[in-house]
Amino acid sequence: MNDLAVATVRLRKTYQVPVRQSGIAASLRSLVRRTTRDVHAVDGLSLSIAPGEITGFLGPNGAGKTTTLKMLAGLLYPTSGEVTVLGHVPSRREPAFLRQITLVMGQRNQLQWDIPVADSFELNRTVYRVPAAAFRRTLDDLASLLDLGPLMMKPVRQLSLGERMKCEIAVALLHQPRILFLDEPTIGLDVTMQRRIRAFVAEYNRRHGATVLLTSHYMADVEALCKRVIVIHHGRLLFDGELSALVARFSTHKTIAIDLDGDAPDARAVLERIGEVVSIEDGHAVVRVPKSQTARATGEILATLPVADLSVEDPPVDDVIERVFASTRDATGDGDASHEGVAG
Amino acid sequence: MTIVRLLAVYLRVGILTELQYRANFYVQAFRSVLSLATGLAGLAVVFSHATTLAGWRPHELLAVLGVYLVISGVVRFAIQPAMERLMEDVREGTLDYVLTKPEDSLVLVSVRANAIWRLVDVVLGVAVVGYAVATSGGSLGAYEFAAFVVSLGAAVATIYGFLVILTTLSFWFTRVENILVIFQSMYEAGKWPVDIYPAWLRATLTFLVPVAFAVTVPAGALSGRATPLTLAATVAIAVVMVVAARRFWLVGLRRYSGASA
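Here the structure is a predicted model, which means the values were calculated and not measured.

For the rest of this paragraph, the subject is the overall build of chain A. For chain A, the count of helices and strands is 12 helices and 13 strands. Looking at the 344 residues of chain A, the share that counts as buried comes to 51%. Excluding contacts between residues fewer than 6 apart, the proportion of contacts in chain A whose partners are at least 24 apart in sequence is 75%. For chain A, the exposed area adds up to about 16,000 Å²; of that, 49% sits on carbon and sulfur atoms. Each charge sign in chain A was given a centre, from 40 positive and 41 negative side chains, and these centres are 10 Å apart.

Quick look at the structure:
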């Protein structure tokens, strides 16, 4: 177990949340006597992650991703179950453990707002007691990879969101952590900057062999970085494996997008015979067909309709994920109201 | 030592930050002078009617005013900004960044913020205390001086512990700014020795809000009012406050890690 970067066994986190009823009378009653309800944010999660892996955490809002990440980073005490990260119990928050991890939260800053970036870096150098030579080497490295040169002397408040995120990531890596917990690191960034951050994380992982755990709402992040994905829903593990396996397992269909050339009043009728019409308007149609029938369907469309353009696509991974949630709900009959997630 | 190292680096950040807002310096200097002037005016009014106030002679009351300025300067320079920052971090969830640092969390939150211009109060206060001692006629004995220094240190520790306890409440109630405002108002009473107040208020200012130990005792020490027993009690209270604050902080942290989403 000590060879693993992260290991959890039946990890659970239960929050007690106050139950509030609407209305003044009920609010007054709750002043005197609060009734609470258990919410299982993480519910029996067992994981093992090897050193050097980049793993993506997927799940809808409130699935328990952030709660899991916070338990791994030692910020939350598990309700039950076991966690070890690099052989340490995170919630003890031993300095030897904290020196080896880092946490980046896309929505929260740790840089000092009013002072130049370089001074914030200096601050973290002191807190982590990084020797001056090692610090300079790491900083040069990060600065060239992330192109921080022009930003270093500016106060953080003058940076754009994307520039700030680059600096946030750099400041979180100055102590050369062995594990990176990245909670939505690309949130709110434009596509170019998202790509930039992704490329950096991949490069950092390659150079340092660091283990990366990433949550993101952007599938592109996960597709670009993570060979392995862990899908959780209502705090439970739904899928753990390669991203390609996830797509292969859960996507049974392909999508055919067609641009029609000119009028084709019978287009809808024709397409409905071929597959499931997702949309059809203004000469543009999207049809879903079973994977095995893709070739036949494509031939038939080309033969019967005036096609200007046609493309066959895998369904977006987002859709696949949605399908995963749907199929598991059907499979396990998981409609249990007690398994609500909480946001965060 | 870790604390000194961290203090130094955060002090540097504080200076860098404040240098960008130079207007603050003038505002602060004006406030400090104003506060000193009203204090002096109050003393002038009292001593135009009497030669002593509850046994305190003019230069002794001046020392009280000076100590009041020094302590409030230290509180506003270092302790209060750190506590305000802590409350903000609890509210916004950025405390997570403190808790993932390999340093003692209470030390880190205590040194993280400062407001250097508030040191103007400290400088003025020291000047006032110096003047009070110089005009007292007699020279300052070694015991008096030592008692003053020890009780001043104890005063800072006591108030620090007290404010940490108040601020830690934010783990439960999130919004505790109002409690700090109440503390500030009560602290204003420390401009005068607590002896002049009625018994109930004196008790409050001694045991509920430790103003007596923060201002009256150190100022009194200068004129030999601090018996070894008083001094021992002052130090003991400081130790109890700091230890209690630390314990309570750890309880608060457990709550934060147990319930925050």
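Before going further, it helps to examine the overall build of chain B. Across its full length, chain B holds 12 helices and 0 strands. Relative to the compact-globule value of 18 Å for 261 residues, chain B shows a C-alpha radius of gyration of 19 Å, a close match. Oriented by its inertia axes, the alpha-carbon framework of chain B measures out at about 60 × 40 × 35 Å. Relative to its 261 residues, chain B shows a buried fraction of 49%. Contacts in chain B between residues at least 24 apart in sequence constitute 80% of all its contacts with a sequence separation of at least 6. Accessible area for chain B stands at about 11,600 Å²; split by element, carbon and sulfur atoms hold 70% of it.

With that out of the way, let us pick up the sheet that holds strand S4 (residues 80-85) of chain A. All names here are of chain A. Spatial ordering of the open sheet is given by S2-S1-S4, a layout of 3 strands whose pairing is antiparallel. One side of each edge strand has no neighbouring strand; the edge strands of this open sheet are strand S2 (36-49) and S4. In this sheet, adjacent strand axes meet at a mean angle of 30° when their direction is disregarded. Pairing of strand S1 (residues 6-18) with S2, which is carried by 11 bridges, proceeds in the antiparallel orientation. Paired with threonine 14 across the bridge in S2 is histidine 40. Across the sheet, helix H2 (residues 65-72) lies against S1, S2 and S4, angled at about 120° from S1, the strand it touches most.

All names here are of chain A. Mapped onto the fold, arginine 136 is located in helix H5 (residues 132-146). Overall, arginine 136 belongs to the exposed group, its relative accessible area being 51%. Measuring from C-alpha to C-alpha, the distance between arginine 136 and leucine 174 comes to 9.3 Å, with 38 residues separating the pair along the chain.

Positionally, serine 216 of chain A belongs in the loop between strand S7 (211-215) and helix H8 (219-225). Residues contacting serine 216 of chain A, with those up to four places away along its chain left out, are Phe57, Leu58, Glu184, Thr186 and Asp221 of chain A.

Looking down a regular strand, the side chains alternate between one sheet face and the other. Residue and element names in this part refer to chain A. Strand S3 (residues 54-58) sits mainly inside the fold: 5 of its 5 residues count as buried. Of the two faces of S3, both are covered, the one formed by Ile54, Gly56 and Leu58 as well as the one formed by Thr55 and Phe57. By the bridge criterion, 4 bridges tie S3 to S7 in an arrangement that is parallel. Its bridge partner lying in S7, phenylalanine 57 is registered against threonine 215. Bridging between S3 and strand S8 (residues 228-233) involves 4 bridges; their strand directions are parallel. Paired with glycine 56 across the bridge in S8 is valine 229.

Here we take up the nonpolar core. By size, the foremost hydrophobic cluster in this structure holds 106 residues, and its most contacted members are Val85 and Phe181 of chain A together with Leu95 and Leu163 of chain B. Apart from residues lying up to four places away in sequence, leucine 163 of chain B is in contact with Val75, Ile79, Met83, Leu180 and Phe183 of chain B. Ranked by size, the runner-up nonpolar core spans 54 residues in total, among them Phe121, Leu151, Met165 and Leu214 of chain A.

With that settled, the discussion passes to unusual backbone geometry. Residues and elements named next belong to chain A. If you check the backbone angles, aspartate 147 has positive phi at about 60° while not being a glycine. Tracing the backbone shows aspartate 147 in the loop between H5 and helix H6 (161-173). With relative accessibility at 42%, the residue aspartate 147 sits in the partly exposed group.

To continue, consider the domain arrangement of chain A. Looking at chain A, the domain boundaries give domain 1 (6-100 + 177-248) and domain 2 (252-313). Computed over C-alpha atoms, the centres of domain 1 of chain A and domain 2 of chain A are 40 Å apart.

So, about the interface of chain B and chain A. The interface of chain B with chain A comprises 31 residues on the first partner and 32 residues on the second. Counting each side, the surface lost to burial between chain B and chain A is near 2,900 Å², with a carbon and sulfur contribution of 56%. At the boundary of chain B with chain A, the tally comes to 4 salt bridges. For aspartate 96 of chain B, the salt bridge goes to lysine 70 of chain A, with nearest N and O atoms at 3.1 Å. Taken together, chain B and chain A are joined by 10 residue pairs in polar contact (both at pLDDT 80 or more). For the side of chain B that touches chain A, the secondary-structure elements that each account for two or more residues are helix H1 (2-19), helix H3 (58-92), helix H4 (95-99) and helix H12 (228-259) of chain B. Element by element, the count of residues in the side of chain B that touches chain A is highest for H1 of chain B, at 9 residues. Each residue belonging to the side of chain B that touches chain A can be placed in one class, and the counts come to 14 nonpolar, 9 polar and 8 charged.

Calculation rules
Residues numbered from 1 in each chain as written. Chains lettered and ligands numbered in written order. Predicted model: local features only at pLDDT ≥ 70, side-chain atom pairs only at ≥ 80, totals over all residues. Heavy atoms only, no water. Helix = DSSP H or I, 4+ residues; strand = E, 2+ residues; numbered from the N terminus. Buried < 20%, exposed > 50% of the residue type's maximum accessible area, 1.4 Å probe, protein only. Contact = heavy atoms within 4.5 Å. Areas by Shrake-Rupley, 256 points an atom, 1.4 Å probe, with all protein chains shown as cover. Lys, Arg positive; Asp, Glu negative; His and termini not counted. Charge placed at Lys NZ, Arg CZ, Asp CG, Glu CD. Rg over C-alpha atoms; globule rule 2.2 N^0.38 Å. Pairing = 2+ DSSP bridges. Axes fitted to C-alpha atoms, helices over the stretch in contact; angles between N-to-C directions. Core = buried A, V, L, I, M, F, W, Y, C linked by side-chain atoms within 4.5 Å. Domains from an automatic or database assignment. Buried area = accessible area lost by both parts, 1.4 Å probe. Salt bridge = Lys/Arg side-chain N within 4 Å of Asp/Glu carboxyl O. Polar contact = N/O pair within 3.5 Å; in protein donor to acceptor, adjacent residues only side chain to side chain. Nonpolar A, V, L, I, M, F, W, Y, C, P; charged D, E, K, R; others polar.

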